[in-house]
Amino acid sequence: MSDIIDVKAIDSEKAQSLKSVGWVSYILHLIVAVAAVLPGAQVGAGLLIVALVIDLVKKSDAEGTWQASHFSWRIRTVIWAGVLYVVTIPLWFLLVLPGMIAWALISIWFLYRIVKGMVRMNANQPMPD
């Protein structure tokens, strides 16, 4: 008896697995992003750290696929949002309002990037560079 390996089936299973991981990560990011925009709905950075670790661990599995761009997109989004939040901390010391405005804008930008990524992943499209 010969063992025949269906490469297309393996690639399809890998693609579906990566897409499932991508959805889990995007949903965790979305929960954090929505909570950041809604006053008083803070869920903490824990979910974001979990999503970031998932992306960092699984990114190498996605190399050479269209989904690799989504892993990079999510990682860059979290890093940039974190840097922007830290850089704008001094605005809170000036007055509360400038800090609130800055963080609201960063949160809206973060939410936009997550939703854009989800829409493109649903359409099986890579993210732009």
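First, a word on what this report is: a plain description of the structure on this page. Remember, predicted model here, so these are calculated numbers, not experimental data. (Residues numbered from 1 in each chain as written. Predicted model: local features only at pLDDT ≥ 70, side-chain atom pairs only at ≥ 80, totals over all residues. Heavy atoms only, no water.)

### Observations concerning helix α5 (residues 96-122)
Moving on, step 1. Its 27 residues place the ends of α5 39 Å apart at the C-alpha level, agreeing with the 39 Å of an ideal helix rising 1.5 Å per residue.
Moving on, step 2. Taken together, the buried positions of α5 are Gly99, Ala102, Ile106, Ser107, Phe110, Arg113, Ile114, Gly117, Met118 and Met121.
Moving on, step 3. Directly after α5, the chain includes asparagine 124, whose backbone phi takes a positive value near 55 degrees. (Helix = DSSP H or I, 4+ residues; strand = E, 2+ residues; numbered from the N terminus. Expected span 1.5 Å × (residues − 1). Buried < 20%, exposed > 50% of the residue type's maximum accessible area, 1.4 Å probe, protein only.)

### A look at the packing of aromatic side chains
Moving on, step 1. Counted by the stated rule, this structure contains two aromatic pairs.
Moving on, step 2. Pairing tyrosine 85 with tryptophan 103 gives two aromatic rings, centres 5.0 Å apart and planes at 70 degrees, and the pair type is edge-to-face. Separated by 18 residues along the polypeptide, tyrosine 85 in helix α3 (residues 68-87) and tryptophan 103 in helix α5 bring together distant segments of the chain.
Moving on, step 3. On the numbers, 5.3 Å between centres and 75 degrees between planes, the contact of tryptophan 92 with tryptophan 103 is edge-to-face. Taken together, the residues span a long stretch of sequence, with tryptophan 92 in helix α4 (residues 89-94) and tryptophan 103 in helix α5 at a distance of eleven residues.
Moving on, step 4. The class of tryptophan 103 is partly exposed, set by a relative accessible area of 30%.
Moving on, step 5. By the ring-pair criterion, three or more aromatic residues cluster together here, those being Tyr85, Trp92 and Trp103.
Moving on, step 6. Between the NZ or CZ atom of arginine 74 and the centre of the ring of phenylalanine 71, over which it lies, the distance is 4.6 Å.
Moving on, step 7. It is arginine 113 that lies over the ring of tryptophan 73; its NZ or CZ is 3.6 Å from the centre. (Phe/Tyr/Trp six-rings, centres within 6.5 Å; stacked < 30°, edge-to-face > 60°. Lys NZ or Arg CZ within 6 Å of the ring centre and 35° of its normal.)

### Quick look at unusual backbone geometry
With the exception of glycine, most residues fall at negative phi, and the peptide bonds are largely trans.
Moving on, step 1. The phi torsion at asparagine 124 lies on the positive side, around 55 degrees, for a residue other than glycine.
Moving on, step 2. Note on placement: asparagine 124 falls in the segment after α5.
Moving on, step 3. Looking at asparagine 124, the relative accessible area reads 43%, which means it is partly exposed.

### Here's the deal with the packing of helix α2 (residues 46-58) against α3
Moving on, step 1. Direction vectors running N to C along α2 and α3 enclose 140 degrees, while the axes themselves pass 10 Å from each other. On the basis of the axis angle, α2 is oblique to α3. When the axes of α2 and α3 are compared, the crossing they make is left-handed. Where α2 approaches α3, its residues Leu48, Leu52, Asp55, Leu56 and Lys58 are matched on the opposing element by Phe71, Arg74, Ile75 and Val78.
Moving on, step 2. The class makeup of the residues in the contact of α2 with α3 is six nonpolar, no polar and three charged. (Axes fitted to C-alpha atoms, helices over the stretch in contact; angles between N-to-C directions. Parallel < 35°, antiparallel > 145°, perpendicular 65-115°, else oblique. Left-handed = near helix turned anticlockwise from the far one by under 90°. Contact = heavy atoms within 4.5 Å. Nonpolar A, V, L, I, M, F, W, Y, C, P; charged D, E, K, R; others polar.)

### Observations concerning the nonpolar core
Moving on, step 1. In this structure, Tyr26, Leu48, Phe110 and Ile114 are the most contacted members of the largest nonpolar core, which totals 13 residues.
Moving on, step 2. Secondary structure elements with two or more residues in this core: α1 (7-37), α3 and α5.
Moving on, step 3. For this core, the element with the highest residue contribution is α5, accounting for five residues.
Moving on, step 4. Counting five residues, the second largest nonpolar core, distinct from the first, contains Leu18, Val21, Ala62 and Phe71. (Core = buried A, V, L, I, M, F, W, Y, C linked by side-chain atoms within 4.5 Å.)

### Considering the pattern of salt bridges
Moving on, step 1. Enumeration over the complete set of coordinates arrives at two salt bridges.
Moving on, step 2. The residue arginine 74 makes a salt bridge to aspartate 55 at a minimum N-O spacing of 3.0 Å. Pair noted here: arginine 74 is in helix α3 and aspartate 55 is in helix α2, with a separation of 19 residues, a long-range link.
Moving on, step 3. When its relative accessible area of 0% is taken as the criterion, aspartate 55 is described as buried. (Salt bridge = Lys/Arg side-chain N within 4 Å of Asp/Glu carboxyl O.)

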